[in-house]
Amino acid sequence: MTNKPLMAKATAVWLVDNTTLSFKQIADFCGLHELEVQGIADGDVATGVKGFDPVASSQLDQEEIDKAEKDPMHKLKLKFNKAAVGEDKRRGPRYTPLSKRQDRPNAILWLVKFHPELADAQIARLVGTTKPTIQSIRERTHWNIQNMTPIDPVALGLCRQSELDIEVQKAAKKAAAEGVMSDDERRKLVSTEQSLGMPDEPRLPSGIAGLENFSSSDLKQENEEEDDAADNADYSDADSFFNLPEDDDDEDEDDKRK
């Protein structure tokens, strides 16, 4: 059961206008900040919001209000409502304001690129999207993939950093339970804040890639093998190294001189 009344801000407006409850009592009952309730009383917050009577909607008893008005330390208690059971569990994808929906694909691309360990259901919870959209971005078949830029969903205001960290930690626990991870995988399964603070891993230039396992002992062994091959070479036909002219040519030159 939810611990807040329905239409909490409208209920706070009604309590401010119709009772002498303290700002703290109203804030605790409606799940708001005390300064926000003070803003409602000053007319700076919830301008134009019509008050919602919690007594008429069977969320609060008048006796409870009277008791709280006499005792500033008394906390209002919400009446039990069977219809409100399970209302605190969100159903369906997260609601995204219209002004931010155009940035949602960029946020999905960022999550897919920098946190590939996140499942589609986790990404859907974070930015409020559907699995087919996530799949199309993973496979780069989205209609606007060429114009998309990965942007942190926290920076876009689509989710909070704490929510992202929780989902990343869940993915880390799941991956750890399934098997041993490599160092590169462990690097990816930390929070965004920790990942940004890690030093870059050293990388070899592309020109010498593949030589990281080469050592001087390998070169020494190769030189020794070439020396052995030279020692075992057959030099019995030494004349072949000098390209000496054949005897017939010498006889022809003697004949010409005569």
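Below is a short write-up of the structure. These figures come from a predicted structure and were not determined experimentally.

## Considering the overall build of the protein
Broken down by element type, the protein carries 13 helices and zero strands. Secondary structure of the protein in N-to-C order comes out as α-α-α-α-α-α-α-α-α-α-α-α-α. Taking all contacts inside the protein whose residues are at least 6 apart in sequence as the whole, residues at least 24 apart take part in 60%. When the accessible surface of the protein is summed, it comes to about 18400 Å², and 50% of that surface belongs to carbon and sulfur atoms.

## What to know about the nonpolar core
Among the nonpolar cores identified, the biggest contains 21 residues, and Ile 108, Leu 111, Leu 118, Ile 123, Leu 126, Val 127 and Leu 164 are the most heavily contacted of them. Mapped onto this core, the elements with two or more residues apiece are helix H5 (104-114), helix H6 (120-127), helix H7 (131-138) and helix H9 (161-178). When residues in this core are grouped by element, the largest group, six residues, is from H5. Aside from chain neighbours lying at most four places away, what touches Ile 123 is Ile 108, Leu 111, Val 112, Leu 118, Gly 128, Thr 129, Ile 134 and Arg 138. Counting residues in hydrophobic clusters, the runner-up holds 19 residues, among them Ala 8, Val 13, Ile 26 and Cys 30.

## Comments concerning the side chain of Ser 136
Of note, Ser 136 is situated in helix H7. There is a polar contact of 2.7 Å between the side chain of Ser 136 and the backbone oxygen of Thr 133. Setting aside chain neighbours within four positions, we find Ser 136 in contact with Thr 141 and His 142.

## Overview of H7
Since one α-helical turn is 3.6 residues long, residues separated by three or four positions face the same way. Looking at H7, one finds that the buried residues are Ile 134, Ser 136 and Ile 137. Each buried residue of H7 lies within a common arc of 160° when the element is viewed along its axis, so the set occupies one face. Where H7 is buried, its residues touch H5 and H6. At the exit of H7 stands Arg 140, carrying a positive phi of roughly 55°.

Parameters at a glance
Residues numbered from 1 in each chain as written. Predicted model: local features only at pLDDT ≥ 70, side-chain atom pairs only at ≥ 80, totals over all residues. Heavy atoms only, no water. Helix = DSSP H or I, 4+ residues; strand = E, 2+ residues; numbered from the N terminus. Contact = heavy atoms within 4.5 Å. Areas by Shrake-Rupley, 256 points an atom, 1.4 Å probe, with all protein chains shown as cover. Core = buried A, V, L, I, M, F, W, Y, C linked by side-chain atoms within 4.5 Å. Buried < 20%, exposed > 50% of the residue type's maximum accessible area, 1.4 Å probe, protein only. Polar contact = N/O pair within 3.5 Å; in protein donor to acceptor, adjacent residues only side chain to side chain. Arc of directions from axis to C-beta.

Spatial relationships are all this shows, so hold off on functional conclusions.
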